[in-house]
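Residues per chain are reported as follows:
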Amino acid sequence: MGMEQMTRILTVDDSASMRALLRNALSENGFHVEQAEDGIAALEWLEMNDVDVVITDINMPRLDGFGLIERLRAENRHRDRPILVLSTESSDEKKARARAAGATGWIVKPFDAEKLVTAVRRVAH
Amino acid sequence: MMHQDHRTAFGAVTRITLLQGEARVSSRPDVEISTILGSCVACCLFDPLASVGGMNHFLLAEPKAEGEVLDEHYGVYLMEVLINDMMKKGANRSNLRARLYGGANLHPGMRSIGLMNAEFADKFLESERIPLMHAELGGTQARRLSFMPASGKVRSKLVPEVLIQPSPAMRRTQMMAGDVELF
């Protein structure tokens, strides 16, 4: 499959171990994977680059997942970008907050590669 | 049966008994987190500036087949829960210091799942750049661990295996792992 046809995913997570698990799971399933270690790094990268789907953690230093989603939704370019949250949290309150901020969906860690890939394919435009 | 009490007030000390698959964090000087480890591994994290400490306790399932790798998802998850809870209590990720305990090989001759768990924890800390200050891993005896989260002090003692209440190793399939909700 050529690069131009691959779905590009940006994963945002402060844990290097989690980034490695995500890179493996997504690359193995034919996705092009880019990674950022927190919300600020993600915003900086997105200024110069495009992706099809963003997958973000919630608890991160500097700028957390809620802040990242709000900042992206404030920009025209990212208004309709699918953004999936991937978090250890699963409370209704946190999910409601993510939904209000504009998240597309919520996935609970530890992630299952098959369920993650299915979710990404469903939301990718 | 002292271990049936999850949290017991003993004199001025509130003792929290940690079970496999759990993580606890506190900044209270009167709290002591304790656990008993066989092949399980416990990671104690401490932020000396915030005086916040926490501990988890895990056992990852042994690969079923030769060549299959240890499923690290659950371990990474439980380490992340611990780190996130530390940060919520005011710890700074870059100040975290770690100690590792457990990973004993209680049944000589068998392949050591304890050792594999210990190696996972060691590798995790290295990739997350969390300094490992002290490790008591491996051996053939169980350990009783007491951790004072507000001071970071740890007492570790070798104990007879008979005290261990076995609990199954964790696989992702045993949890509601990876549940997806699209808004």
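Keep in mind it's a predicted model, so treat the numbers as computed, not measured. (Residues numbered from 1 in each chain as written. Chains lettered and ligands numbered in written order. Predicted model: local features only at pLDDT ≥ 70, side-chain atom pairs only at ≥ 80, totals over all residues.)

A short note on the overall build of chain A
Here is step 1: Tallying secondary structure elements over chain A gives 5 helices and 5 strands in all.
Here is step 2: Ordering the α and β elements of chain A from the N terminus gives β-α-β-α-β-α-β-α-β-α.
Here is step 3: Along the longest, intermediate and shortest principal axes, the C-alpha atoms of chain A span 40 × 30 × 25 Å.
Here is step 4: Excluding contacts between residues fewer than 6 apart, the proportion of contacts in chain A whose partners are at least 24 apart in sequence is 60%. (Helix = DSSP H or I, 4+ residues; strand = E, 2+ residues; numbered from the N terminus. Contact = placed C-beta atoms within 7 Å.)

Observations regarding the interface of chain B and chain A
Here is step 1: Listed as interface residues are 22 residues of chain B and, on the opposing side, 25 residues of chain A.
Here is step 2: Of all the secondary structure elements, the ones that give two or more residues to the side of chain B that touches chain A are helix H1 (73-88), helix H2 (113-127) and strand E11 (180-182) of chain B.
Here is step 3: Its residues assigned to classes, the side of chain B that touches chain A shows 11 nonpolar, 4 polar and 7 charged.
Here is step 4: Bridge count for strand E5 (residues 105-108) of chain A against E11 of chain B is 3 bridges, and the pairing is antiparallel. Bridge pairing in E11 of chain B places Gly105 of chain A opposite Leu182 of chain B. (Nonpolar A, V, L, I, M, F, W, Y, C, P; charged D, E, K, R; others polar. Pairing = 2+ DSSP bridges.)

Looking at the nonpolar core
Here is step 1: One finds Cys43 and Leu82 of chain B to be the most contacted residues of the largest nonpolar core, which totals 79 residues.
Here is step 2: In this structure, Leu82 of chain B is in contact with Ala23, Val25, Cys43, Leu45, Gly54 and Asn56 of chain B, ignoring residues within four places of it in sequence. (Core = buried A, V, L, I, M, F, W, Y, C linked by C-beta atoms within 7 Å. Buried ≥ 20, exposed ≤ 12 C-beta atoms within 10 Å, placed from the backbone.)

Brief notes about the confidence of the model for chain B
Residues and elements named next belong to chain B.
Here is step 1: When the pLDDT values of chain B are averaged, the result is 87; 87% of them are 70 or greater.
Here is step 2: Counting contacts from residues 1-5, a segment whose pLDDT is below 50, to residues more than four positions away or on other chains yields 3 contacts.
Here is step 3: Across the interface, the model reports ipTM at 0.85; the global pTM reads 0.88. (pLDDT = per-residue confidence, 0-100.)

Observations regarding helix H3 (residues 65-73) of chain A
Here is step 1: All buried positions along H3 of chain A are accounted for by Gly65, Phe66, Leu68, Ile69 and Leu72 of chain A. For H3 of chain A, the angular spread of the buried residues around the axis is 165°, confining them to a single face. (Arc of directions from axis to C-beta.)

Considering the sheet that holds strand E6 (residues 52-58) of chain B
Sheet strands line up and pair through hydrogen bonds in the backbone, either parallel or antiparallel.
All names here are of chain B.
Here is step 1: The 5 strands lie next to each other as E3-E6-E5-E7-E8, forming an open sheet whose pairing is mixed. On the outer flanks of this sheet lie strand E3 (23-26) and strand E8 (132-137), each paired with one strand and no other. Adjacent strand axes in the sheet meet at a mean angle of 10° when their direction is disregarded.
Here is step 2: Across 7 bridges, the pairing between strand E5 (residues 41-47) and E6 is antiparallel. Counterpart to Val41 in the pairing with E6 is Phe58.
Here is step 3: Sheet strands touched by H1: E3, E5 and E6. Its angle to E6, the strand with the most contacts, is close to 165°. (Axes fitted to C-alpha atoms, helices over the stretch in contact; angles between N-to-C directions.)

Considering unusual backbone geometry
Here is step 1: The omega angle of the peptide bond from Lys109 of chain A to Pro110 of chain A is 0°, so this bond is cis rather than trans.
Here is step 2: Phi at Ser51 of chain B takes a positive value of approximately 55°, unusual for a residue other than glycine.
Here is step 3: We note that Arg129 of chain B has phi near 55°; this positive angle belongs to a residue other than glycine.
Here is step 4: As for its position among the elements, Arg129 of chain B is in the loop between H2 and E8.
Here is step 5: Given 10 C-beta atoms within a 10 Å radius, Arg129 of chain B is considered exposed.

Quick look at the sheet that holds E11 of chain B
Here is step 1: The mixed open sheet is built from 6 strands, whose spatial order is E2(A)-E1(A)-E3(A)-E4(A)-E5(A)-E11(B). Both outer strands of the open sheet, strand E2 (32-36) of chain A together with E11 of chain B, are each paired with one neighbouring strand and no more. With direction set aside, neighbouring strand axes in the sheet form an average angle of 20°.
Here is step 2: Its contacts with the sheet put helix H5 (residues 113-123) of chain A on strand E1 (8-12), strand E3 (53-56), strand E4 (83-87) and E5 of chain A together with E11 of chain B, and the angle it makes with E11 of chain B is roughly 15°.

Some points on H2 of chain B
Here is step 1: With 15 residues, H2 of chain B ought to run about 21 Å at 1.5 Å a step, and its terminal C-alpha atoms sit 21 Å apart, in line with that.
Here is step 2: All of the buried residues along H2 of chain B are Ile113, Gly114, Asn117, Ala118, Phe120, Ala121, Phe124 and Leu125 of chain B. Each buried residue of H2 of chain B lies within a common arc of 155° when the element is viewed along its axis, so the set occupies one face.
Here is step 3: Contacts from the buried residues of H2 of chain B go to helix H1 (16-28) of chain A together with E5, H1, strand E7 (97-102) and E8 of chain B.
Here is step 4: Following H2 of chain B by one or two positions, Arg129 of chain B has its phi on the positive side, about 55°. (Expected span 1.5 Å × (residues − 1).)

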